Amino acid sequence: MADVVLKDLNMRFGDTQALSKLDLSIRDGEFVVLLGPTGAGKTTTLRLIAGLERPDSGRIEIGSRNVAGQSPAERDVAFVFQQYSLYPHMTVYENLAFPLRAPVRKLSNDEIDRRVRKIAQMVRIDHKLENRSTRLSGGEMQRVAIGRALVREPSIYLMDEPLSSLDAKLRAELRLELKRIQKDLGSTMLYVTHDQVEAMTMADRIGIVAEGRLLQVGTPREIYGNPASLHVAARLGQPHINLLPADLLPGASPPKGTKTIGARTEHLDIIVGKDANAEVDWIEHLGDQNHLHIRVRDHKLVTLADPYLSIRPGDRINLTLRDPLYFDASGQRLA
Ligand SMILES: Nc1ncnc2c1ncn2[C@@H]1O[C@H](COP(=O)(O)OP(=O)(O)OP(=O)(O)O)[C@@H](O)[C@H]1O
Ligand SMILES: [Mg+2]
(Lines give C-alpha, C1' and ligand atoms only; values in the text may rest on other atoms or scores of the structure.)
(Ligands and ions follow the chains in the order given, each with its own letter.)
Protein backbone atom coordinates (compact mmCIF):
# COMPACT_ATOMS: atom_id res chain seq x y z
CA MET A 1 0.00 0.00 0.00
CA ALA A 2 1.32 3.43 -0.90
CA ASP A 3 -0.94 5.80 0.91
CA VAL A 4 0.74 8.98 2.14
CA VAL A 5 -0.15 10.70 5.41
CA LEU A 6 1.18 14.09 6.43
CA LYS A 7 0.54 15.05 10.05
CA ASP A 8 1.02 18.54 11.42
CA LEU A 9 3.98 19.34 9.17
CA ASN A 10 5.85 22.55 9.90
CA MET A 11 8.76 23.94 7.94
CA ARG A 12 10.55 27.24 8.25
CA PHE A 13 13.27 28.84 6.15
CA GLY A 14 14.73 31.80 8.07
CA ASP A 15 11.85 34.25 8.43
CA THR A 16 9.58 32.38 6.04
CA GLN A 17 7.07 29.90 7.40
CA ALA A 18 6.95 27.71 4.31
CA LEU A 19 4.47 25.20 5.81
CA SER A 20 2.18 25.55 8.83
CA LYS A 21 0.39 22.63 10.46
CA LEU A 22 -0.13 20.79 7.20
CA ASP A 23 -2.37 17.72 7.47
CA LEU A 24 -3.14 15.69 4.36
CA SER A 25 -3.96 12.06 3.62
CA ILE A 26 -3.58 10.63 0.14
CA ARG A 27 -5.11 7.23 -0.41
CA ASP A 28 -3.38 4.44 -2.26
CA GLY A 29 -3.94 4.98 -5.99
CA GLU A 30 -5.38 8.43 -5.53
CA PHE A 31 -4.52 11.48 -7.68
CA VAL A 32 -4.27 14.55 -5.47
CA VAL A 33 -3.45 18.00 -6.82
CA LEU A 34 -2.14 20.81 -4.64
CA LEU A 35 -3.23 24.08 -6.18
CA GLY A 36 -1.79 27.36 -4.99
CA PRO A 37 0.02 30.53 -6.01
CA THR A 38 3.77 31.00 -6.09
CA GLY A 39 5.39 30.68 -2.67
CA ALA A 40 2.46 28.68 -1.23
CA GLY A 41 4.68 25.80 -0.11
CA LYS A 42 3.93 23.31 -2.88
CA THR A 43 7.49 22.35 -3.76
CA THR A 44 8.42 22.25 -0.07
CA THR A 45 5.67 19.70 0.56
CA LEU A 46 6.95 17.44 -2.22
CA ARG A 47 10.58 17.74 -1.08
CA LEU A 48 9.58 16.71 2.43
CA ILE A 49 7.75 13.62 1.19
CA ALA A 50 10.66 12.67 -1.05
CA GLY A 51 13.06 13.03 1.86
CA LEU A 52 15.11 15.81 0.27
CA GLU A 53 14.29 18.04 3.23
CA ARG A 54 13.51 17.36 6.89
CA PRO A 55 10.48 19.00 8.49
CA ASP A 56 10.98 21.11 11.62
CA SER A 57 8.20 19.07 13.17
CA GLY A 58 5.42 16.72 12.13
CA ARG A 59 5.22 13.26 10.74
CA ILE A 60 5.26 11.70 7.27
CA GLU A 61 3.95 8.19 6.70
CA ILE A 62 4.18 6.21 3.50
CA GLY A 63 2.30 2.92 3.52
CA SER A 64 1.48 3.48 7.21
CA ARG A 65 5.17 3.60 8.16
CA ASN A 66 6.92 6.64 9.59
CA VAL A 67 9.63 7.48 7.03
CA ALA A 68 11.58 9.93 9.18
CA GLY A 69 14.62 7.66 9.20
CA GLN A 70 14.47 6.70 5.52
CA SER A 71 16.70 8.08 2.79
CA PRO A 72 15.12 9.38 -0.46
CA ALA A 73 16.12 6.15 -2.23
CA GLU A 74 14.39 3.99 0.37
CA ARG A 75 11.08 5.81 -0.02
CA ASP A 76 10.35 4.47 -3.55
CA VAL A 77 9.03 7.78 -4.88
CA ALA A 78 9.66 9.27 -8.32
CA PHE A 79 9.98 13.03 -8.40
CA VAL A 80 9.52 15.20 -11.48
CA PHE A 81 11.20 18.46 -10.53
CA GLN A 82 9.97 21.93 -11.37
CA GLN A 83 13.48 22.67 -12.67
CA TYR A 84 13.81 19.36 -14.44
CA SER A 85 17.40 18.30 -14.83
CA LEU A 86 18.45 15.72 -17.39
CA TYR A 87 21.85 14.09 -17.68
CA PRO A 88 23.32 16.41 -20.32
CA HIS A 89 25.97 14.04 -21.67
CA MET A 90 23.39 11.31 -22.34
CA THR A 91 20.92 10.78 -25.14
CA VAL A 92 17.19 10.86 -24.52
CA TYR A 93 17.21 7.06 -24.64
CA GLU A 94 19.91 6.80 -22.00
CA ASN A 95 18.18 9.36 -19.80
CA LEU A 96 15.04 7.24 -19.86
CA ALA A 97 16.92 3.98 -19.37
CA PHE A 98 19.10 5.26 -16.54
CA PRO A 99 16.70 4.64 -13.64
CA LEU A 100 16.18 1.08 -14.91
CA ARG A 101 19.87 0.22 -15.01
CA ALA A 102 20.27 0.27 -11.24
CA PRO A 103 21.80 -3.11 -10.30
CA VAL A 104 19.09 -3.83 -7.71
CA ARG A 105 16.51 -3.92 -10.50
CA LYS A 106 18.15 -6.79 -12.38
CA LEU A 107 16.33 -5.97 -15.62
CA SER A 108 17.47 -7.46 -18.91
CA ASN A 109 18.44 -5.14 -21.76
CA ASP A 110 15.41 -6.30 -23.71
CA GLU A 111 13.10 -5.45 -20.86
CA ILE A 112 14.74 -2.03 -20.43
CA ASP A 113 14.43 -1.37 -24.16
CA ARG A 114 10.78 -2.35 -24.17
CA ARG A 115 9.95 -0.04 -21.26
CA VAL A 116 11.94 2.90 -22.60
CA ARG A 117 10.23 2.74 -25.98
CA LYS A 118 6.79 2.36 -24.48
CA ILE A 119 7.23 5.36 -22.19
CA ALA A 120 8.90 7.44 -24.92
CA GLN A 121 5.80 6.90 -27.02
CA MET A 122 3.51 7.85 -24.16
CA VAL A 123 5.24 11.17 -23.60
CA ARG A 124 5.70 11.72 -27.37
CA ILE A 125 9.46 11.82 -27.47
CA ASP A 126 10.09 8.57 -29.36
CA HIS A 127 11.26 10.46 -32.47
CA LYS A 128 14.12 12.06 -30.50
CA LEU A 129 15.51 9.04 -28.65
CA GLU A 130 19.00 9.42 -30.10
CA ASN A 131 19.24 13.17 -29.46
CA ARG A 132 21.55 14.51 -26.82
CA SER A 133 19.32 15.76 -24.01
CA THR A 134 20.83 19.24 -24.39
CA ARG A 135 19.60 19.38 -27.99
CA LEU A 136 15.93 19.58 -27.15
CA SER A 137 13.37 22.32 -26.70
CA GLY A 138 12.19 23.12 -23.18
CA GLY A 139 8.96 21.22 -23.71
CA GLU A 140 10.83 18.16 -25.01
CA MET A 141 13.16 18.20 -22.00
CA GLN A 142 10.14 18.36 -19.75
CA ARG A 143 8.63 15.32 -21.45
CA VAL A 144 11.86 13.37 -20.99
CA ALA A 145 11.82 14.32 -17.30
CA ILE A 146 8.25 13.01 -16.98
CA GLY A 147 9.20 9.87 -18.89
CA ARG A 148 12.16 9.24 -16.61
CA ALA A 149 9.82 9.22 -13.62
CA LEU A 150 7.24 7.03 -15.35
CA VAL A 151 9.62 4.23 -16.44
CA ARG A 152 10.42 3.46 -12.83
CA GLU A 153 6.87 2.48 -11.90
CA PRO A 154 7.33 3.47 -8.25
CA SER A 155 4.54 3.38 -5.71
CA ILE A 156 4.32 7.18 -5.48
CA TYR A 157 4.75 9.93 -8.02
CA LEU A 158 5.51 13.47 -6.96
CA MET A 159 5.17 15.94 -9.82
CA ASP A 160 6.05 19.60 -9.55
CA GLU A 161 4.31 21.57 -12.31
CA PRO A 162 5.45 19.05 -14.92
CA LEU A 163 3.48 20.54 -17.80
CA SER A 164 4.31 24.21 -17.27
CA SER A 165 6.65 24.68 -20.23
CA LEU A 166 4.52 22.90 -22.83
CA ASP A 167 2.36 24.64 -25.38
CA ALA A 168 -1.40 24.62 -24.81
CA LYS A 169 -2.18 21.76 -27.19
CA LEU A 170 0.47 19.41 -25.85
CA ARG A 171 -0.42 20.34 -22.29
CA ALA A 172 -4.03 19.37 -22.91
CA GLU A 173 -2.95 16.05 -24.47
CA LEU A 174 -0.48 15.16 -21.74
CA ARG A 175 -2.99 16.12 -19.06
CA LEU A 176 -5.23 13.34 -20.29
CA GLU A 177 -2.33 11.00 -20.90
CA LEU A 178 -0.83 11.41 -17.42
CA LYS A 179 -4.19 10.85 -15.83
CA ARG A 180 -4.66 7.69 -17.88
CA ILE A 181 -1.18 6.38 -17.12
CA GLN A 182 -1.68 6.98 -13.41
CA LYS A 183 -5.00 5.10 -13.49
CA ASP A 184 -3.50 2.21 -15.46
CA LEU A 185 -0.53 1.87 -13.11
CA GLY A 186 -2.74 2.36 -10.07
CA SER A 187 -0.06 4.53 -8.54
CA THR A 188 -0.47 7.25 -5.96
CA MET A 189 0.07 10.75 -7.33
CA LEU A 190 0.71 14.06 -5.64
CA TYR A 191 0.83 16.71 -8.32
CA VAL A 192 1.33 20.40 -7.70
CA THR A 193 0.40 23.25 -9.99
CA HIS A 194 -0.97 26.76 -10.10
CA ASP A 195 -3.03 25.89 -13.17
CA GLN A 196 -6.68 25.52 -12.19
CA VAL A 197 -7.58 23.63 -15.35
CA GLU A 198 -5.01 20.95 -14.55
CA ALA A 199 -6.36 20.71 -11.02
CA MET A 200 -10.00 20.50 -12.14
CA THR A 201 -9.42 17.95 -14.89
CA MET A 202 -6.85 15.62 -13.34
CA ALA A 203 -7.49 15.47 -9.62
CA ASP A 204 -9.54 12.96 -7.67
CA ARG A 205 -9.19 15.55 -4.93
CA ILE A 206 -7.77 19.07 -4.90
CA GLY A 207 -6.00 20.68 -1.94
CA ILE A 208 -6.00 24.46 -2.03
CA VAL A 209 -2.84 25.88 -0.46
CA ALA A 210 -1.81 29.44 0.34
CA GLU A 211 1.00 30.79 2.47
CA GLY A 212 1.98 27.38 3.75
CA ARG A 213 -1.52 26.41 4.83
CA LEU A 214 -3.93 23.89 3.41
CA LEU A 215 -7.22 25.79 3.17
CA GLN A 216 -9.56 23.11 1.86
CA VAL A 217 -9.44 19.60 0.43
CA GLY A 218 -12.18 18.08 -1.69
CA THR A 219 -13.21 16.76 -5.07
CA PRO A 220 -12.98 19.31 -7.91
CA ARG A 221 -16.76 19.58 -7.82
CA GLU A 222 -16.83 20.27 -4.07
CA ILE A 223 -14.04 22.83 -4.22
CA TYR A 224 -15.67 24.65 -7.13
CA GLY A 225 -19.27 24.47 -6.00
CA ASN A 226 -18.87 24.54 -2.26
CA PRO A 227 -15.81 26.63 -1.38
CA ALA A 228 -15.24 27.18 2.34
CA SER A 229 -13.92 30.69 1.93
CA LEU A 230 -13.52 33.60 -0.40
CA HIS A 231 -9.90 32.68 -0.95
CA VAL A 232 -10.79 29.19 -2.15
CA ALA A 233 -13.61 30.50 -4.36
CA ALA A 234 -11.20 32.91 -5.99
CA ARG A 235 -8.76 30.13 -6.94
CA LEU A 236 -11.18 28.48 -9.36
CA GLY A 237 -13.26 29.73 -12.24
CA GLN A 238 -12.48 31.56 -15.44
CA PRO A 239 -13.20 34.46 -15.63
CA HIS A 240 -12.36 35.18 -12.01
CA ILE A 241 -15.31 35.17 -9.58
CA ASN A 242 -16.92 38.61 -9.16
CA LEU A 243 -16.88 39.90 -5.58
CA LEU A 244 -19.72 42.31 -4.96
CA PRO A 245 -21.24 44.22 -2.04
CA ALA A 246 -24.30 42.43 -0.69
CA ASP A 247 -26.81 45.03 -1.92
CA LEU A 248 -25.51 45.68 -5.43
CA LEU A 249 -27.77 43.38 -7.47
CA PRO A 250 -31.30 42.01 -7.10
CA GLY A 251 -32.11 38.32 -6.90
CA ALA A 252 -30.02 37.40 -3.86
CA SER A 253 -31.19 36.42 -0.42
CA PRO A 254 -28.08 37.05 1.65
CA PRO A 255 -28.06 35.42 5.08
CA LYS A 256 -27.36 37.54 8.15
CA GLY A 257 -23.74 38.65 8.34
CA THR A 258 -23.14 38.69 4.56
CA LYS A 259 -20.43 41.14 3.61
CA THR A 260 -19.58 39.97 0.11
CA ILE A 261 -21.40 38.13 -2.65
CA GLY A 262 -19.42 35.91 -4.97
CA ALA A 263 -20.91 35.65 -8.46
CA ARG A 264 -19.55 33.49 -11.24
CA THR A 265 -21.04 33.35 -14.72
CA GLU A 266 -23.56 30.71 -13.68
CA HIS A 267 -24.77 32.99 -10.87
CA LEU A 268 -25.67 35.86 -13.22
CA ASP A 269 -28.73 36.19 -15.43
CA ILE A 270 -28.74 38.75 -18.20
CA ILE A 271 -31.75 40.19 -19.97
CA VAL A 272 -31.04 42.69 -22.73
CA GLY A 273 -32.81 46.04 -22.76
CA LYS A 274 -35.46 45.57 -20.06
CA ASP A 275 -35.38 47.24 -16.60
CA ALA A 276 -31.72 47.97 -17.10
CA ASN A 277 -29.51 48.24 -14.04
CA ALA A 278 -26.18 47.68 -15.75
CA GLU A 279 -24.22 48.61 -18.85
CA VAL A 280 -21.95 46.62 -21.13
CA ASP A 281 -18.52 48.23 -21.05
CA TRP A 282 -16.73 46.14 -23.63
CA ILE A 283 -16.61 42.65 -25.04
CA GLU A 284 -13.57 40.42 -25.47
CA HIS A 285 -14.04 37.95 -28.30
CA LEU A 286 -12.31 34.67 -27.53
CA GLY A 287 -13.79 32.78 -30.48
CA ASP A 288 -15.88 30.09 -28.84
CA GLN A 289 -17.06 32.49 -26.15
CA ASN A 290 -17.11 36.14 -25.17
CA HIS A 291 -16.03 37.86 -21.99
CA LEU A 292 -18.59 40.48 -21.18
CA HIS A 293 -17.31 43.39 -19.10
CA ILE A 294 -20.21 44.96 -17.27
CA ARG A 295 -20.53 48.07 -15.15
CA VAL A 296 -23.06 48.34 -12.31
CA ARG A 297 -22.83 51.78 -10.70
CA ASP A 298 -19.10 52.02 -9.96
CA HIS A 299 -18.50 48.24 -9.83
CA LYS A 300 -17.09 46.17 -12.65
CA LEU A 301 -17.96 42.56 -13.40
CA VAL A 302 -16.80 40.05 -15.96
CA THR A 303 -18.93 37.17 -17.14
CA LEU A 304 -18.99 34.70 -20.01
CA ALA A 305 -21.49 35.14 -22.78
CA ASP A 306 -22.57 33.07 -25.71
CA PRO A 307 -20.95 34.47 -28.87
CA TYR A 308 -24.40 34.53 -30.50
CA LEU A 309 -25.84 36.81 -27.83
CA SER A 310 -26.64 39.97 -29.73
CA ILE A 311 -25.15 42.64 -27.54
CA ARG A 312 -22.80 45.59 -28.00
CA PRO A 313 -20.70 47.89 -25.85
CA GLY A 314 -22.92 50.62 -24.47
CA ASP A 315 -26.02 48.41 -24.35
CA ARG A 316 -28.08 48.60 -21.17
CA ILE A 317 -28.94 45.25 -19.59
CA ASN A 318 -30.81 43.80 -16.66
CA LEU A 319 -28.51 41.82 -14.41
CA THR A 320 -29.78 39.60 -11.58
CA LEU A 321 -28.23 37.05 -9.24
CA ARG A 322 -29.17 33.40 -9.09
CA ASP A 323 -28.01 31.40 -6.04
CA PRO A 324 -24.66 33.16 -5.65
CA LEU A 325 -22.10 32.48 -2.87
CA TYR A 326 -22.21 34.46 0.37
CA PHE A 327 -19.23 35.40 2.54
CA ASP A 328 -18.92 37.12 5.91
CA ALA A 329 -16.52 39.93 6.81
CA SER A 330 -13.68 37.49 7.50
CA GLY A 331 -14.16 35.82 4.10
CA GLN A 332 -15.74 32.63 5.44
CA ARG A 333 -18.56 31.17 3.44
CA LEU A 334 -22.11 31.48 4.81
CA ALA A 335 -24.62 28.73 4.09
N1 LIG B 1 15.75 26.62 0.46
C2 LIG B 1 15.02 27.67 0.80
N3 LIG B 1 15.56 28.70 1.50
C4 LIG B 1 14.82 29.75 1.88
N5 LIG B 1 13.51 29.91 1.60
C6 LIG B 1 12.92 28.92 0.90
C7 LIG B 1 13.63 27.77 0.46
N8 LIG B 1 12.78 26.96 -0.19
C9 LIG B 1 11.58 27.60 -0.18
N10 LIG B 1 11.66 28.77 0.48
C11 LIG B 1 10.54 29.70 0.74
O12 LIG B 1 9.45 28.95 1.24
C13 LIG B 1 8.21 29.39 0.66
C14 LIG B 1 7.55 28.24 -0.06
O15 LIG B 1 8.36 27.86 -1.17
P16 LIG B 1 7.95 26.75 -2.22
O17 LIG B 1 9.11 26.57 -3.14
O18 LIG B 1 7.48 25.56 -1.49
O19 LIG B 1 6.73 27.45 -2.98
P20 LIG B 1 5.89 26.93 -4.24
O21 LIG B 1 4.47 26.85 -3.79
O22 LIG B 1 6.52 25.73 -4.79
O23 LIG B 1 6.03 28.15 -5.25
P24 LIG B 1 6.20 28.17 -6.86
O25 LIG B 1 4.81 28.04 -7.43
O26 LIG B 1 6.76 29.51 -7.14
O27 LIG B 1 7.11 27.07 -7.25
C28 LIG B 1 8.56 30.56 -0.25
O29 LIG B 1 8.35 31.74 0.44
C30 LIG B 1 10.04 30.35 -0.53
O31 LIG B 1 10.67 31.59 -0.77
MG1 LIG C 1 7.45 25.32 -6.56
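If you're wondering where the values come from, they're calculated on a predicted model, not measured in any experiment.

Novice: So what's going on with the side chain of Ser133? Residues and values would help.
Specialist: Position of Ser133 relative to the elements: it lies in the loop between helix H3 (109-122) and helix H4 (138-150). A polar atom in the side chain of Ser133 sits 2.8 Å from the backbone oxygen of Tyr87.

Novice: Give me the lowdown on the UniProt feature "domain: ABC transporter" (unreviewed entry) in the protein chain, citing residues and values where you can.
Specialist: As recorded in UniProt, the feature "domain: ABC transporter" (unreviewed entry) lies at residues 4-236. In residues 4-236, the share of helix is 34% and the share of strand is 26%. The end C-alpha atoms are 26 Å apart.

Novice: An account of the sheet that holds strand E1 (residues 4-13) is requested, with residue identities and associated values reported.
Specialist: Read from one edge to the other, the open sheet built from four strands follows the order E2-E1-E4-E5, with strand pairing classed as antiparallel. Because the sheet does not close on itself, it has two edges, and the strands there are strand E2 (16-26) and strand E5 (65-66). One ladder, built from two bridges, connects strand E4 (residues 57-62) with E5; its direction is antiparallel. For Glu61, the partnering residue across the bridge sits in E5 and is Asn66.

Novice: Talk me through the pattern of salt bridges; I want residue IDs and the actual numbers.
Specialist: Any two side chains of opposite charge can pair, on the condition that their charged atoms come close. Tallied over the full model, the rule gives 21 salt bridges. With a closest N to O distance of 3.2 Å, Lys7 and Glu61 form a salt bridge. Separated by 54 residues along the polypeptide, Lys7 in strand E1 and Glu61 in strand E4 bring together distant segments of the chain. Look at Lys7 and you get partly exposed, because its relative accessible area is 38%. Arg316 is the salt-bridge partner of Glu279, the closest N and O atoms lying 3.6 Å from each other. Highlighted residues: Glu279 in strand E14 (residues 278-285) and Arg316 in strand E17 (residues 316-321), separated in sequence by 37 residues. In this structure, a network of salt bridges that share partners links the residues Glu279, Asp281, Arg295 and Arg316.

Novice: With reference to specific residues and values, describe the sheet that holds strand E3 (residues 31-35).
Specialist: Note: strands within a sheet are paired through backbone hydrogen bonds, in either parallel or antiparallel orientation. On the basis of which strands lie adjacent, the open sheet formed by six strands has the order E6-E7-E8-E3-E9-E10 and mixed pairing. Each edge of the open sheet is held by one strand with a lone partner, namely strand E6 (77-80) and strand E10 (213-218). Put simply, the sheet's adjacent strands are angled 15 degrees from each other on average, direction ignored. Where strand E9 (residues 205-210) meets E10, five bridges bridge the pair, whose relative direction is antiparallel. Bridge pairing links Ala210 to Arg213 in E10. Lying on the sheet, helix H1 (residues 42-50) is in contact with E3, E6, strand E7 (156-160), strand E8 (188-193) and E9; it crosses E7 at an angle near 150 degrees.

What counts, and where the lines are drawn
In every chain, residue numbers begin from 1 and rise along the written sequence. To label them, take the chains in the order written and letter them from A, then take the ligands in the order written and number them from 1. Confidence filtering applies because this is a predicted model: local features only for residues at pLDDT of at least 70, side-chain atom pairs given and counted only at 80 or more, and all residues used for totals across whole chains, interfaces and linings. Side-chain metrics in this entry use all non-hydrogen atoms of the structure; hydrogen atoms and water are not considered. Each helix is a run of DSSP H or I of at least 4 residues and each strand a run of E of at least 2, with the numbering of both proceeding from the N terminus. For the purposes of these results, a polar contact is taken to be a pair of N or O atoms within 3.5 Å, where, inside protein, one atom must be able to donate a hydrogen and its partner to accept one; residues adjacent in sequence count only when each atom of the pair is a side-chain atom. UniProt positions are given in the numbering used here, feature names are shortened, and annotations may be inferred rather than shown by experiment. Criterion used throughout: strands pair if DSSP finds at least two bridges between them. Salt bridge, as applied in this entry: a Lys or Arg side-chain nitrogen positioned within 4 Å of an Asp or Glu carboxyl oxygen. Under the scheme applied here, a residue whose accessible area is under 20% of the maximum for its type counts as buried, over 50% as exposed, and between as partly exposed, the area being computed with a 1.4 Å probe on protein chains only. Every axis in this analysis is a line fitted to C-alpha atoms, fitted for helices over the stretch in contact. Angles between the N-to-C directions lie between 0 and 180 degrees. Contact definition: two residues touch when any of their heavy atoms are within 4.5 Å.

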